[in-house]
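Residues per chain, in single letters:
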Amino acid sequence: MVPTSHFSLRAMTLAVAAASAGLSLSASASMGNIGTTYGVMPVDVATAQSLSMFNEQVSATYYNPSYLTSDERGELTGGILHAEQELRSTRSDADGDIVSDSPSQHVLIGMKTNLASLTRFKHPIYLGFIAGVEKYGKEMLAFSSQTSETGQYLQYGKEPLFLNIGGATPLWRGISGGFSVRVTLEAAAQLDAVSTLGGETSRERLAVNAEPSLKSILGTTIKWGDTICPDSSCFLDGWETAFTYRTKSSASTAVDSNIIVTQTIPDPGLSLSVATIDSFQPETIAIGTQYKSDRWRVGGSIEQQNWSELEDEFAGDTIKDQEDVSAANRIGFDDILVPRIGAEYQLSRTFALRGGLAYEESPLKTTRNPELNYLDTDKIVAGLGISATYHRTRLLAYPVRLDIGYQYQQLQERDFTIVDFDGNEQQATADGDIHVISGSITLKF
């Protein structure tokens, strides 16, 4: 007689395999997305997201939807992003120190247009969307959830489908408002099968569903010169302030399986259920300001990211399974503040140079997390980029803009206690280097 535990494991394997086939799951996913981990467009990458709340491009739908009103023209943008990662964990009992070095590779497309012509009021209403797909468009949903006895990084790896859509409109004298939604997927799979002792299945039935989950993003921008002194120049000209709020979001997968094993597990069979989350984005409140002249601008922002809510999400996760862990051993997260600063200079009518800096504290509070063994460190982020705007072309009536952005992230050293599945402990030091390159072409219309 084969032990029932063998079939429990086999049933779990069948269920997860079925979900993988239906949902294109892949390893090395992370608690993040390109919008917060790296930056959506080259401008966001190059400025370490310090000027993202004042980015006129379609990435405004994620960072500050109200800024879609800053340019009356329509826009079509295509781009790519490549992030090269070397995430390390140094241990005395390990042959090497590299935990993960798989790249993240996104293709991006976005569009913005003015819908005023659809109404009788002629009041500007801007609609924008942006989408990013992993593995240069071949992988819609990068997803992984697992325990580890050697260590795994919390925020890096392949990124899931990035999709934002929103709108904005001017409200009153230099004040604009915007609303957008971030779209994530809640996937569910149901597997029923009958298996022999030899592992041959029959009467299989598989159902896979993926429903969109919409999470709100609110933004408002104030151009102080237009608000305070609209009919004359004053000392507030060029100053802008923006406020944004993003609700928390995550991708999730639920797998239910029921396996009947002939001569061993009769009807109603062995039922297994797995529910897990990935690519968690914390509730975020941000304020930013910039001063903009004819040839240069400088600005910055500060974000509060409420990562402590992830503790409750993990409590209901059957893989991370923190509800049954003693209070002293549960994973913990802190809410953090992220400061960013950046600048841009117009070298000529065609070329502009920009750069930015940010410092991000790790939200991971606990350094000993049995079973999960998550690693995360503070990081210094620096970016640099250039854009070229061609105002006259042979074929197009409006300017064409090319952007390139580079970003370097240095993960600071941090000590952790790694606990294997037998309870043995080993000290480890985590650090890493991230290199990101992003490029885009933007057509105005």
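None of these values were measured; they are calculated from a predicted model.

### Concerning the overall build of the protein
Link 1 in the chain: Scanning the protein from N- to C-terminus turns up seven helices and 19 strands.
Link 2 in the chain: Taking 22 Å as the expected radius of gyration for a compact globule of 445 residues, we find that the protein reaches 24 Å, a close match to that expectation.
Link 3 in the chain: C-alpha extents for the protein along the principal axes are approximately 90 × 55 × 40 Å.
Link 4 in the chain: For the protein, with 445 residues in total, the buried portion stands at 50%.
Link 5 in the chain: Considering only contacts within the protein whose residues lie at least 6 apart along the sequence, 72% involve residues at least 24 apart.

### Details of the state of the cysteines
Link 1 in the chain: The full count for this structure, using the stated rule, is one disulfide.
Link 2 in the chain: The disulfide bridge from Cys-229 ends at Cys-234, spanning 1.8 Å between sulfur atoms.

### Here's the deal with a negative patch on the surface
Link 1 in the chain: Taken together, the side chains of Asp-321, Glu-323, Asp-324 and Glu-371 make up a negatively charged region of the molecular surface.
Link 2 in the chain: With respect to the element layout, Asp-321 can be found in the loop between helix H7 (310-315) and strand E14 (336-346).
Link 3 in the chain: On the basis of relative accessibility, which here comes to 32%, the residue Asp-321 falls in the partly exposed class.

### Describing the nonpolar core
Link 1 in the chain: Ranked by size, the top nonpolar core spans 39 residues in total, and within it Tyr-38, Phe-314, Phe-333 and Tyr-374 carry the most contacts.
Link 2 in the chain: Counting only elements with at least two residues in this core, the list comes to helix H4 (60-63), strand E1 (75-91), strand E11 (265-281), H7, E14, strand E16 (374-375), strand E18 (400-419) and strand E19 (425-444).
Link 3 in the chain: In terms of residues, this core owes the most to one element, E19, which gives four residues.
Link 4 in the chain: With residues near it in sequence (within four places) discarded, Tyr-374 still touches Met-31, Gln-152, Tyr-153, Leu-154, Phe-314, Lys-320, Ile-331, Leu-364, Asn-369 and Phe-416.

### Some details on the packing of aromatic side chains
Link 1 in the chain: Under the definition given, this model contains nine aromatic pairs.
Link 2 in the chain: Here the aromatic rings of Tyr-38 and Tyr-156 are separated by 6.4 Å at their centres, their planes lie at 45°, and the arrangement is tilted. Within this pair, whereas Tyr-38 is found in the loop between helix H2 (34-37) and helix H3 (42-46), its partner Tyr-156 is found in the loop between strand E5 (152-153) and strand E6 (162-172), the two being separated by 118 residues in sequence. Comparing Tyr-38 with Tyr-156 shows no difference in burial state: the two are buried.
Link 3 in the chain: Measuring from ring centre to ring centre gives 5.7 Å for Phe-54 and Tyr-67, while their planes differ by 90°; the resulting arrangement is edge-to-face. Here Phe-54 is found in the loop between H3 and H4, whereas its partner Tyr-67 is found in the loop between H4 and E1, with 13 residues between them in sequence.
Link 4 in the chain: Residue Phe-54 is classed as buried on the basis of its relative accessible area, which comes to 1%.
Link 5 in the chain: By relative accessible area, Tyr-67 is classed as buried at 3%.

### Concerning the pairing of E6
Link 1 in the chain: As paired elements, strand E4 (residues 126-133) and E6 share seven bridges and run antiparallel to each other. Paired with Tyr-126 across the bridge in E6 is Ala-168.
Link 2 in the chain: Pairing of E6 with strand E7 (residues 175-195), which is carried by eight bridges, proceeds in the antiparallel orientation. Its bridge partner being in E7, Gly-166 is matched across the sheet by Ser-180.
Link 3 in the chain: Turn length for the E6-E7 hairpin, with the two strands adjacent in sequence and antiparallel, is two residues, and the turn residue Arg-173 shows positive phi of about 35°.

### Here's the deal with unusual backbone geometry
Link 1 in the chain: With omega at 15°, the peptide bond leading from Asp-267 into Pro-268 counts as cis.
Link 2 in the chain: In this fold, Pro-268 is placed in strand E11.
Link 3 in the chain: Backbone geometry at Gln-49 places phi at a positive 65°, although glycine is not the residue there.
Link 4 in the chain: Of note, Tyr-136 is a non-glycine position whose phi angle comes to about 55°, a positive value.
Link 5 in the chain: Checked against the element boundaries, Tyr-136 lands in helix H5 (residues 134-137).

### A short note on the side chain of Asn-33
Link 1 in the chain: Of note, Asn-33 is situated in the loop between helix H1 (4-23) and H2.
Link 2 in the chain: A polar atom in the side chain of Asn-33 sits 2.8 Å from the backbone nitrogen of Gly-35.
Link 3 in the chain: Within the structure, the side chain of Asn-33 is placed 3.4 Å from the side chain of Gln-281, a separation counted as a polar contact.
Link 4 in the chain: The residues touching Asn-33, leaving out its near neighbours within four places in the chain, are Tyr-38, Tyr-62, Glu-159, Phe-162, Arg-182 and Gln-281.

### Points about the pattern of salt bridges
If charged atoms from side chains of opposite charge come close, those side chains can pair.
Link 1 in the chain: This model, assessed by the stated rule, comprises 19 salt bridges.
Link 2 in the chain: One salt bridge connects Lys-444 with Glu-75, and the closest N-O pair in it is separated by 3.0 Å. Here Glu-75 lies in strand E1 and Lys-444 lies in strand E19, a separation of 369 residues in the sequence.
Link 3 in the chain: Its salt-bridge partner being Asp-334, residue Lys-365 comes within 4.0 Å of it at the nearest N-O pair. Of this pair, Lys-365 sits in the loop between strand E15 (351-360) and E16 while Asp-334 is found in the loop between H7 and E14, placing the two residues 31 residues apart along the sequence.
Link 4 in the chain: Ionic contacts of the salt-bridge type, sharing partners, join the residues Arg-297, Glu-344, Arg-354, Arg-401 and Asp-403 into one network.

### Brief notes about the confidence of the model for the protein
Link 1 in the chain: The predicted model of the protein averages 88 in pLDDT, with 93% of residues at 70 or higher.
Link 2 in the chain: Taken as a whole, residues 1-27 scores under 50 in pLDDT and shows 52 contacts with residues more than four places along the chain or in a different chain.

### Describing the pairing of E15
Link 1 in the chain: Relative to E15, E14 is paired through seven bridges, and the arrangement is antiparallel. What sits directly across from Ile-341, in E15, is Leu-357.
Link 2 in the chain: Counting the residues between successive antiparallel strands, the hairpin from E14 to E15 contains four residues.
Link 3 in the chain: In the sheet, E15 pairs with strand E17 (residues 379-390) via 10 bridges, with the strands oriented antiparallel. Of the residues in E17, the one forming a bridge with Phe-351 is Ala-388.

Definitions and limits used
Residues numbered from 1 in each chain as written. Predicted model: local features only at pLDDT ≥ 70, side-chain atom pairs only at ≥ 80, totals over all residues. Heavy atoms only, no water. Helix = DSSP H or I, 4+ residues; strand = E, 2+ residues; numbered from the N terminus. Rg over C-alpha atoms; globule rule 2.2 N^0.38 Å. Buried < 20%, exposed > 50% of the residue type's maximum accessible area, 1.4 Å probe, protein only. Contact = heavy atoms within 4.5 Å. Disulfide = S-S within 2.5 Å. Patch = residues over 30% accessible without salt bridge, like charges linked within 9 Å, V, L, I, M, F, W, Y side chains within 5 Å. Areas by Shrake-Rupley, 256 points an atom, 1.4 Å probe, with all protein chains shown as cover. Salt bridge = Lys/Arg side-chain N within 4 Å of Asp/Glu carboxyl O. Lys, Arg positive; Asp, Glu negative; His and termini not counted. Charge placed at Lys NZ, Arg CZ, Asp CG, Glu CD. Core = buried A, V, L, I, M, F, W, Y, C linked by side-chain atoms within 4.5 Å. Phe/Tyr/Trp six-rings, centres within 6.5 Å; stacked < 30°, edge-to-face > 60°. Pairing = 2+ DSSP bridges. Polar contact = N/O pair within 3.5 Å; in protein donor to acceptor, adjacent residues only side chain to side chain. pLDDT = per-residue confidence, 0-100.

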